[in-house]
Amino acid sequence: MNFRTVDEFENFDFNEAHIGGIEVKSGHVFLYLDNVMISAKNSCNRDIREMRTNELVLKLQDGQITSFVKEGVKVYNADGVFQREIPDDIIPAEKYQETFEMLFDKYMLEAGIKKNDETAEKIYEFEIEYEEFSYLLVVKAAHDVEEWDKFMNK
């Protein structure tokens, strides 16, 4: 990979990123993403404007999945009358890989990071679109590493 940043998650926009894969290996969580926007503030971006890249590898070092949930929904009819509620469904650890494979070729709705100032923990949250549902993947990690080969115009 030609470009590499560490702990610059905030200098990327992962919203609407295309998911090429998710995996957990060697104590890290990897997301393989296309259509990632790179902020002009990014240390590797020598342009004064937002750029885009494909084939970005997001590595969450010492990553641990703390929560993986198929988010519930409320169902209404065409007149806006409530019909039923589908509750959240927690994905058990033994089903992570199967669910990751199902989310291949889907899109990120939102991605964000929260930092716990007291413990210096970083919590990464990814909301992934899947048909009429969405999945929320929450990962606690020490660092984020982003690697990619080229910059492209938006």
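Trainee: How should unusual backbone geometry be read in this particular structure?
Mentor: For residues that are not glycine, phi is negative in most cases, and the peptide bond is trans in most cases. Unusually for a residue other than glycine, Glu 16 sits at a positive phi of about 70°. On the secondary structure map, Glu 16 appears in the loop between β2 (12–13) and β3 (18–25). The residue Asn 35 is not glycine, and still its phi comes out positive at about 60°. Residue position: Asn 35 is located in the loop between β4 (28–34) and β5 (36–38).

Trainee: Would you take a moment to explain the packing of aromatic side chains for this structure?
Mentor: Describing an aromatic ring pair means giving the distance of the ring centres and the angle of the ring planes. Inspection of the entire model under this criterion finds 15 aromatic pairs. Pairing Phe 9 with Phe 126 gives two aromatic rings, centres 6.1 Å apart and planes at 75°, and the pair type is edge-to-face. One end of the pair, Phe 9, is in the loop between β1 (3–6) and β2; the other, Phe 126, is in strand β13 (residues 121–130), and 117 residues separate them in sequence. Here Phe 9 and Phe 126 have matching classes, each one buried. Where Phe 12 meets Phe 14, the ring centres are 5.7 Å apart and the plane angle is 25°; that geometry is what we call stacked. What makes Phe 12 buried here is its relative accessible area of 8%. In this structure, Lys 25 is placed above the aromatic ring of Phe 30, and the distance from its NZ or CZ to the ring centre is 5.3 Å. One cation-aromatic arrangement involves Lys 70 over Phe 133; the distance from NZ or CZ to the ring centre is 4.2 Å.

Trainee: What should I look at first to understand the pairing of β13 in this one?
Mentor: Residues in a regular strand point their side chains to alternate faces of the sheet. Where strand β12 (residues 107–116) and β13 come together, 9 bridges link them in antiparallel fashion. Bridge pairing in β13 links Met 108 to Ile 128. Taken together, the 9 bridges between β13 and strand β14 (residues 133–141) define a ladder with antiparallel strand orientation. Note on β14: the bridge partner recorded for Phe 126 is Leu 137. Hairpin connection between β13 and β14: a loop of 2 residues separates the two successive antiparallel strands, and Glu 131 in this loop has a positive phi of roughly 50°.

Trainee: Sorry if this is basic, but what is going on with the sheet that holds strand β6 (residues 51–53) here?
Mentor: For sheets, the rule is that strands pair by backbone hydrogen bonds, running either parallel or antiparallel. If you walk across this open sheet you meet the 3 strands as β2-β5-β6, and the pairing is antiparallel. The sheet terminates laterally at β2 and β6, the two strands that pair on one side only. Judged from the 2 bridges that link them, β2 and β5 form a sheet pairing that is antiparallel. Bridging across to β5, Asp 13 finds its partner in Met 37.

Trainee: Explanation requested: the side chain of Asn 11 in the structure shown.
Mentor: Examined against the element boundaries, Asn 11 turns out to sit in the loop between β1 and β2. By relative accessible area, Asn 11 is classed as buried at 16%. Dropping the residues within four chain positions of it, Asn 11 is found in contact with Met 37, Ile 38, Ser 39, Lys 41 and Asn 42.

Conventions used here
Residues numbered from 1 in each chain as written. Predicted model: local features only at pLDDT ≥ 70, side-chain atom pairs only at ≥ 80, totals over all residues. Heavy atoms only, no water. Helix = DSSP H or I, 4+ residues; strand = E, 2+ residues; numbered from the N terminus. Phe/Tyr/Trp six-rings, centres within 6.5 Å; stacked < 30°, edge-to-face > 60°. Buried < 20%, exposed > 50% of the residue type's maximum accessible area, 1.4 Å probe, protein only. Lys NZ or Arg CZ within 6 Å of the ring centre and 35° of its normal. Pairing = 2+ DSSP bridges. Contact = heavy atoms within 4.5 Å.

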